Amino acid sequence: QGFGGAKLSSLSLGQGQGPIALRMIESAQKEGTWVVLQNCHLAASWMSTLERVCEEFNPDANHPDFRLWLTSYPSQNFPVSVLQNGVKMTNEPPKGMKANVLRSYLADPLSDPEFFNACKKPHEWKKLLFGLCFFHALVQERRKFGALGWNIPYEFNETDLRISVRQLQMFLNEYEHVPFDALRYLTGQCNYGGRVTDDWDRRTLTCILNKYYSTEIITTPRYQFSGSGLYYAPDDGDYEHYLEYMRSLPIIPHPEVFGMHANADITKDQQETNQLFDSILLTQARTTSGGGKSNDEILQEVSGDILTKLPKQFDTEEGLRKYPTTYAQSMNTVLVQEMVRFNRLTAVVRSSLVNLQKAIKGLVVMNSELEEVADSILKGKIPALWKKKSYPSLKPLGSYVNDLLTRLKFLQDWFDKGPPSVFWVSGFFFTQAFLTGAQQNFARRYRIPIDLLGFDFDVLEDKHYKDPPDDGVYINGLYIEGACWDRKTKLIGESQPKKITRPNASDMVETLQEG
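In short, a report on the structure. (Residues numbered from 1 in each chain as written. Predicted model: local features only at pLDDT ≥ 70, side-chain atom pairs only at ≥ 80, totals over all residues. Heavy atoms only, no water.)

1. Considerations on the packing of helix H15 (residues 331-361) against helix H18 (residues 397-417)
To describe two helices that pack against each other, one gives the angle between their axes and the distance between the axes. Just so we agree on the cut-off: Simply put, an axis is a line fit to the C-alpha atoms, just over the touching stretch for a helix, and the angle between two N-to-C directions goes from 0 to 180 degrees. Only runs of H or I of at least four residues qualify as helices and only runs of E of at least two qualify as strands under DSSP, and these elements are numbered from the N terminus. Helix crossings fall into two classes, left-handed where the near helix is turned counterclockwise from the far one by less than a right angle and right-handed where it is turned clockwise. Working rule for contacts: check all heavy atoms of both residues, and any pair within 4.5 Å makes them a contact. Just so you know the grouping, Ala, Val, Leu, Ile, Met, Phe, Trp, Tyr, Cys and Pro go in nonpolar, Asp, Glu, Lys and Arg go in charged, and all remaining residues, Gly too, go in polar.
At their nearest, the axes of H15 and H18 sit 11 Å apart, and the two run at 145° to each other. Considering the relative orientation of H15 and H18, their crossing is left-handed. Residues Met331, Val334, Leu335, Glu338, Met339, Phe342, Leu345 and Thr346 of H15 touch H18, and the partners they reach there are Tyr400, Leu404, Arg407, Leu408, Leu411, Trp414 and Phe415. Per-class residue counts for the contact of H15 with H18 are twelve nonpolar, one polar and two charged.

2. What to know about empty space enclosed by the protein
Note the cut-off: Only protein atoms enter the 1 Å grid, on which a cavity is a set of points fitting a 1.4 Å probe that cannot get out and a pocket is an open set with protein on both sides within 12 Å along at least 5 of 7 lines, lining residues being those with an atom within 4 Å of a point. Grid points are joined across faces, edges and corners, and a volume is the space filled by probe spheres set on the points.
Counted according to the given criterion, the structure contains one cavity of 30 Å³ or more. As a volume, the largest cavity reaches approximately 50 Å³. As for the largest cavity, its lining consists of Ser104, Ala107, Asp108, Pro109, Leu110, Glu158, Leu161, Arg162 and Val165. Broken down by element, the residue count for the lining of the largest cavity peaks at four residues, all from helix H7 (residues 158-174). Class assignment for the residues of the lining of the largest cavity results in five nonpolar, one polar and three charged.

3. Digging into the pattern of salt bridges
A side chain of one charge can pair with a side chain of the opposite charge if their charged atoms are brought near each other. Threshold: Salt bridges, as used here, are contacts in which a Lys or Arg side-chain nitrogen is within 4 Å of a carboxyl oxygen on Asp or Glu. Relative accessibility thresholds used throughout: buried, under 20% of the residue-type maximum; exposed, over 50%; partly exposed, between the two (1.4 Å probe, protein chains only).
As enumerated under the stated definition, the model contains 19 salt bridges in all. Two residues, Arg341 and Glu338, come together in a salt bridge whose shortest N-O distance is 3.2 Å. One end of the pair, Arg341, and the other, Glu338, are both in helix H15, three residues apart, so they sit about a helical turn from each other. You'll find Arg341 and Glu338 in the same group, each marked buried. The shortest N-O distance in the salt bridge between Arg407 and Asp403 comes to 2.8 Å. In this pair, Arg407 and Asp403 are both assigned in helix H18, four residues apart and thus about one turn of the helix distant. Note on accessibility: Arg407 and Asp403 belong to one class, buried. One continuous salt-bridge network, built from bridges that share partners, spans Asp265, Lys268 and Asp269.

4. Quick word on unusual backbone geometry
A cis amide bond links Asp108 to the next residue, Pro109, at an omega of 5°. Note that Pro109 resides in the loop between helix H4 (97-106) and helix H5 (113-116). Positive phi values are uncommon outside glycine, yet Arg447 reaches one of about 55°. Its location among the elements puts Arg447 in the loop between helix H19 (431-446) and strand S5 (455-459). Classification of Arg447 as exposed rests on a relative accessible area of 73%. Positive phi is not limited to glycine here, since Lys490 has a value of about 55°. As for its position among the elements, Lys490 is in the loop between strand S8 (484-486) and strand S9 (491-493). Lys490 gets classed as partly exposed once you look at its relative accessible area, which sits at 46%.

5. A few points about the sheet that holds strand S2 (residues 34-38)
Using the following cut-off: Strand pairing follows a simple DSSP-based rule, namely that at least 2 bridges must link the two strands.
With parallel pairing, the three strands of this open sheet are ordered in space as S1-S2-S3. The sheet terminates laterally at strand S1 (8-12) and strand S3 (67-70), the two strands that pair on one side only. Pairwise comparison of adjacent strand axes, ignoring direction, gives a mean angle of 15° for this sheet. As paired elements, S2 and S3 share four bridges and run parallel to each other.

6. Quick notes on the pairing of strand S6 (residues 473-476)
Of the two faces of S6, the one holding Val473 and Ile475 and the one holding Tyr474 and Asn476 are both buried throughout. Bridge count between strand S4 (residues 422-424) and S6: three bridges; the pairing is parallel. Bridge pairing links Trp424 to Asn476 in S6.

7. Remarks on the environment of Ile377
Within the secondary structure, Ile377 is located in helix H16 (residues 368-379). Along the backbone, Ile377 and Asp112 are 265 residues apart, and their C-alpha atoms lie at a distance of 56 Å.

Below, the structure written as structure tokens:
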């Protein structure tokens, strides 16, 4: 539309850029030019000023050609009023390997025939270029697998690919042989790796890149990217030849292309479903209409049910008398400390539910905390008030309450009947205290400094153990994700289809022995 050069001014926001941005906006309002403020997510402290400036815009006073463009990553600090009053455009990577690789070839600079055919080593260029685009799609698609893909979700974007593509062509044109080390370093450590902050993620990234930046992709015809052979580096051809191959790829990629088990798809689908449900809950109306129970009736029923099931507080004084602190038995201290921690949690749960029932009846004021508790109960989530005093849990409310009751019963049985022969390791509030207690018992028995001790693990036979071991402890309640325990070979093996986690629980008892 003719807005370029002097008619378009841009600025990347950051520290100290706020006053400059204000002057640019004021000048553009008078002269009728366009202003582009980039990376608004990096100027969180200046967003309130931006919101005020946008609210003060007066169509009658502004030049009719004036426009303000803002770019930002998703950010909690971006003003909601600006989003509501502005025209929004999003640029997200396509979903699926097929669409992602295809978009890379249809975007600048690869869509330019002159650039695509400008390399002096056409065979190496086309092979490595396809490998690079496939790598770019793969690292983006791995995000949908959550922690299975990356420990931290990174915002890899088209800029990373664009600079890597230009560097690839430049190095191929300037060097007689393909400088793989330089290409791997620039692409894996600088362009893409510059965003990676986790050491294991960086290691994963470089391992993936080594598969696509290799001599094999150049020398091996139809070099395979997956075990099935469905994904491979196409033979040399023109630009349309590569587009035709990409359009033949399946819309939904199999986890094997990411080097993952088929079960990873189940985990990914569960996460997407939970995200969908959370989004639906955000748009849910607070009032009910038609038949069925009202929200107040549901809250009264759920809170009453939890209160009736919740046992009374542990008597910690009686616990100290029955299980006094002794030099030879550190588990007594572990028990009493666990009772104290769970007492704090159950006290918060009980008081919040009692006050919620009173607030529904109008006997006390429904404050913000109680309102959040009520909202969470209606959504089937753990209230934030409980989470502050709770052990870590990702369960929904119903499963969380059942889990809490099971943990309380475990401690009560320990208190009533004595230490169990097999400890439920995942039932502790603070598991590290139990592990330290096990080490202390061994260290004091054999007079060894505790900082010289470690753990040794043995997976035992599937049977009931009545008596504790002479040294160490029997535990159950461990789970394996992404693998399973093979009882025949007594080794870790591949996961079984459609079984996400395999319990090393009551059927697999382990001993922890220090040495």
